[in-house]
Structure formats: C-alpha cells, structure tokens
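Structure assessment
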Amino acid sequence: MSELLGIYPTWYVPQIGTAWVMGIIGTIHVLASNTSVGAAILFALLETRAVRENKPQIMQYIKKYGMFLLVFSYIWGSVTGPGIWYSVTVASPRGISALIHNFVWVWATEWVFFTVEVIGVYALVYTIGKIDPRTHLKITWTFVVSSVATLVLIIGILSFMMWPGSDRWYLTGSVFDAFYNLNFAAQLADRGFLMLTSAAVVGSIIIAAIPKGDPLRKDVGQTVAKLGLTGLIGGALAFMWYVATLPPNALVILKDRLPHWFGYIDFRITTFIPLAATSLLIGAYLLWVYLKPQALRVPLAVGMVAVLLIAGIWPEERTRESLRKPWVAGQYMYSNQIIGRDVPGLGIQDEVPIIAKDGLLKTAAFVPADLRVITPQNQMQAGRLLAVMACSNCHSINRDGPLRPLPQLLHGTTDVAMIQGFLAGPLAHGSVPYMPKIDLPANEQLALATFLAAVNAGTVDAEGRLIARAPAAAPQHTAVAQAAAGQTTKTKD
Ligand code: HEC
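To start, this report covers the structure provided alongside it. In this text the structure is predicted, and so the values were computed from the model without any measurement.

**Quick look at a nonpolar patch on the surface**
A cluster of nonpolar residues, Val-71, Ile-75, Trp-76 and Val-79, forms a patch on the protein surface that exposes about 400 Å² of accessible area. Structurally, the position occupied by Ile-75 is in helix H2 (residues 57-91).

Listed below in structure tokens is the structure:
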C-alpha cells in the first residue's frame, strides 16, 4: 500500500472553474470591504472638519453615507465574506488549512477588530446628533482604528500567500516571519491608498443624492474628490513598489503571460494598460466631481461604481491571483493542493517525489476505489480525474471555458504522444515557472494525455462522457477514438 496524502476531493465546477467562483465572490467582497475602510478615514477627516469649523450639516452627509454603508458594504460584505470562506474551503481546502495553521491568532485578532468595526459603524450612524460632537468624533476614530487594523492583519495573510520573500520562514515556521514578508508593506500601501479611491467613488453616489444647489455638495464633494485622487496617485506609486517585491515566477507571468499589446514598451506599463485606463477614467471623474459638484447625478455615480468593480477590481484581483501561480500559499503549496517543497520549520514534506513514485491515483486519499489502478476500461475516467485533480484548479478543461482552457493551450492537438511528451518533459521537470512540477508515472501520463486528446478530438466531453456523434475520423483521431470507444462501461463519479 502506498503512502496516502491528505489531498481532499477536488471541487470541480464545470465551465467557469472554481477559480472564477472564488474570484467573483472575492471581487464583490473587496469592493465592500475596501470601501468601508476608506470611508472610515473619509468620515474621520470630514467629521474633524465639522467639529473644528462648526458645520453640523457635514454630519448629514456622514449619516447618509454611513447608512448606505450599512446596507451596501455590511450586507454585501457579510454575504460574500462567509461566501469566500465556504468557496475557498471546498475549492482549496489545503490552501486554507495552510493559512489557518500559520495565522490562526492573526485571524482571531482580525475578527475582534472586525467586531469592533461593525459595532463602530452602527454606533457612528445612530448616535449622530444625539451625543456630544466630540464624543462622537471618538467613536468615529475608533471605527477608523478598528477598520485599519482589519486591513493590516488581512494584508499580512494575503501577502504571505504570494511568498514569504526569504528562506527564513521555511526554517523557523514562525508566524512573524510569515506575516512580515517581503510583499507586506508594499501591498498594504497599495491597498490602503486604493481604498480611499473606492470610498470616494462610492461616496459620490451620496453626493449626487444631496439636493441640487445645496452648498454641501461642493463642501463635501471637494473633500471626497481630493481624497479619491490622493488614493489614486498614491496607489499608482505604491503599485510600482509592489511589483518590485514580487517573486520571479510572478515576473515571468507579468512579462509573458498577461496580455500585452505593445511589446516595445516596458511590460509593467503595457500589461496594465487596461487598469491604467480605468484609473485615468476614475481620476477624470473625480476631478470633474471636484470642479462641478452641482452637476453630479446618481446614475453616473452608480455607473462609476460599476466601472470600478468590473474594470478595476475584477482585473486587479485576477491579475494578483495569476501572479501567484503556481502557488496558492507561501510558495510551498501549489494551487492544485499538492505540497511542492519541504518546510522544515513546520515538519512539512515535499509530496512531488512521492507522487512521482506511486502516482496521484494511488496516493491521493479520496480517489474512487475503481480508479486507483488504471485499466483499459477505466483509462478515460482515470485520465479525467487526473486532469481535474492536477490541472482544473488553473485550467478549464472544456474548450470554451474562460480559465486558460487546456484544449486551446494544447493547440487542439489530438496526438496522445505529443501531449504525453509535454507531461513527461517540461511539466514533470518543473521547468515551467508558472506551473507546478507535476511528475506523474508513465501510466498516469498516458491516461491523462489520452483524456486530453479525446477532449480535443471532441470524442469525450469535459466530464469524461463519450460524445455519441464522433467527428469524421482524421488519421490522427483514430487512436483517440479507439481509446474512447474502449471505455464502454462508464464509471459514474
Ligand atoms: C498552478 C496553476 C497551474 C496548474 C495546476 C497547471 N497549470 Fe498549466 N499553465 C498555468 C499557467 C499560469 C499557464 C500559462 C497560461 C497562458 O499562457 O495563458 C499554463 C500553461 C499551460 C500550457 C501551455 C504551454 C505553456 O508552457 O505555457 C499547457 C499545455 C498546460 N498549462 C498544461 C497543463 C496541464 C496538462 C496541467 C495538469 C497536469 C496543468 N497545466 C496544470 C498554470 C497551471
């Protein structure tokens, strides 16, 4: 009996894949949570002015925005926050387990601050005008401190996911070495600044809702716009710093693997042209709000929030996730849940050599009993399971999937030997910097290659089911068609 590795069953989401499920939920969550932290800072600045200059009308804006936050950020945040936990737990159980094992007290602390933050926002909204303004200001600052604390603590975890940045953590396994990683300060600065912009764009909806002609529009609108622009400029500078703290594999992806159109300009600029365009658009909008606060209308402001979400946060989050490939956490656990290096500090062992020796089907804990040993009858299903376990975390298996679809990356080849050559060569040697080292025994390579070739040939679908209408048999299809036809008794999974 081979050694069993604690690899959980893979959650396979047809078409979009698990990465997009997490990405969509995460993007909404980032908008909600970032806006809340940025808004806390905005409130504190505005309220300090309201108290100093004795302008109680500013508090009306804070009250409206606070109420909007309760409905917008806190409801959507509370729905998507647990949504992230649920989806990552099934999509990446070992990844989340790795993070919990490193950061359990950091997360516990974060939740304490989060509780204070939630109480803070309620207290802030519902005590406006009912208590002494200076006492209220203290509540607002408490809201700021707790919001920023949640940000700092989460960034320590998120940035460790990118990489620890030195060998120290692997040797010590210490939470501090994990938390204060190379990427931490730069990411904190970048997100911290961009949160101000989120808060300003969302806050412009509330400005648009102030009756036209009210001087409050200008008074508050200019502060909001200035803060948003500061966030945008600071965020752009911090982003350059952030790129300088990325690991080498991320730079390869940044350079070669994200779409860029003008090869002769530095890739840091070209890769981010779409993001830069969004930033310029939002910058122009905020400038316009600054100059013409009376002209602002709700539909435009809502439209800009949609731009921020769809053309700003979504591509930014996707890029950040892509840059981390092939790892999910700390550059020791691959995105496909296999541990890819020793971490002596925590007694963690590289699993790649074990899989190379005994195969993934024999060592992964949750493989159906009838797929542990490959036979001519189950070869197609075994190949499909291997694709799901080893590749689907980063690749759509179907041709029209959105996530780096394998049929496209394999150029639709139906040549089993050629695919196996790729699996036995670059993939098994770990020489592709953005892909895990996936070193499978020859029979598993063959099963996987057979399945991938059959998907390309259109003889089986991504679920491994035979497609009745076989395409006209071009010569190189024959081997695949025969292999597919050999699978008469279909196993259900
Ligand atoms: C950790 C994520 C990850 C996993 C797991 C993964 N890949 Fe990839 N793969 C990538 C990335 C990122 C690219 C680059 C995609 C692009 O260029 O659009 C890529 C590209 C490829 C390419 C294109 C050739 C190349 O060298 O760029 C092939 C073929 C491929 N993968 C096959 C596979 C197969 C087969 C598996 C499973 C055995 C697999 N990959 C598992 C991330 C992964």
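From this point, the discussion proceeds with the structure in view.
**Some details on the packing of aromatic side chains**
Enumeration according to the criterion identifies 18 aromatic pairs in this entry. With 6.4 Å between their ring centres and 15° between their planes, Tyr-8 and Phe-366 make a pair best called stacked. You can see Tyr-8 sitting in the segment before helix H1 (17-52) and its partner Phe-366 sitting in the loop between helix H14 (360-363) and helix H15 (379-390), a full 358 residues away along the chain. Among the aromatic residues, those joined into a cluster by ring pairs are Phe-103, Phe-160, Trp-169, Tyr-170 and Tyr-332. Here the basic side chain of Arg-341 rests over the ring of Tyr-170, its NZ or CZ set 3.4 Å away from the ring centre. In this arrangement the basic side chain of Arg-384 is found over the ring face of Tyr-12, its NZ or CZ atom lying 5.2 Å from the centre.

**A few points about the packing of helix H8 (residues 215-244) against helix H11 (residues 273-291)**
Where H8 contacts H11, the axes come no closer than 8 Å and their chain directions differ by 155°. Of the possible angle classes, the one that applies to H8 and H11 is roughly antiparallel. Crossing hand, H8 versus H11: left-handed. From H8, Gly-221, Gln-222, Ala-225, Lys-226, Gly-228, Leu-229 and Leu-232 reach across to H11, where they touch Ser-279, Ile-282, Gly-283, Leu-286, Leu-287, Val-289 and Tyr-290. When the residues that make up the contact of H8 with H11 are grouped by side-chain class, the tally is 8 nonpolar, 5 polar and 1 charged.

The rules behind each value
Residues numbered from 1 in each chain as written. Predicted model: local features only at pLDDT ≥ 70, side-chain atom pairs only at ≥ 80, totals over all residues. Heavy atoms only, no water. Patch = residues over 30% accessible without salt bridge, like charges linked within 9 Å, V, L, I, M, F, W, Y side chains within 5 Å. Areas by Shrake-Rupley, 256 points an atom, 1.4 Å probe, with all protein chains shown as cover. Salt bridge = Lys/Arg side-chain N within 4 Å of Asp/Glu carboxyl O. Helix = DSSP H or I, 4+ residues; strand = E, 2+ residues; numbered from the N terminus. Phe/Tyr/Trp six-rings, centres within 6.5 Å; stacked < 30°, edge-to-face > 60°. Lys NZ or Arg CZ within 6 Å of the ring centre and 35° of its normal. Axes fitted to C-alpha atoms, helices over the stretch in contact; angles between N-to-C directions. Parallel < 35°, antiparallel > 145°, perpendicular 65-115°, else oblique. Left-handed = near helix turned anticlockwise from the far one by under 90°. Contact = heavy atoms within 4.5 Å. Nonpolar A, V, L, I, M, F, W, Y, C, P; charged D, E, K, R; others polar.

These figures come from the coordinates and say nothing about function on their own.
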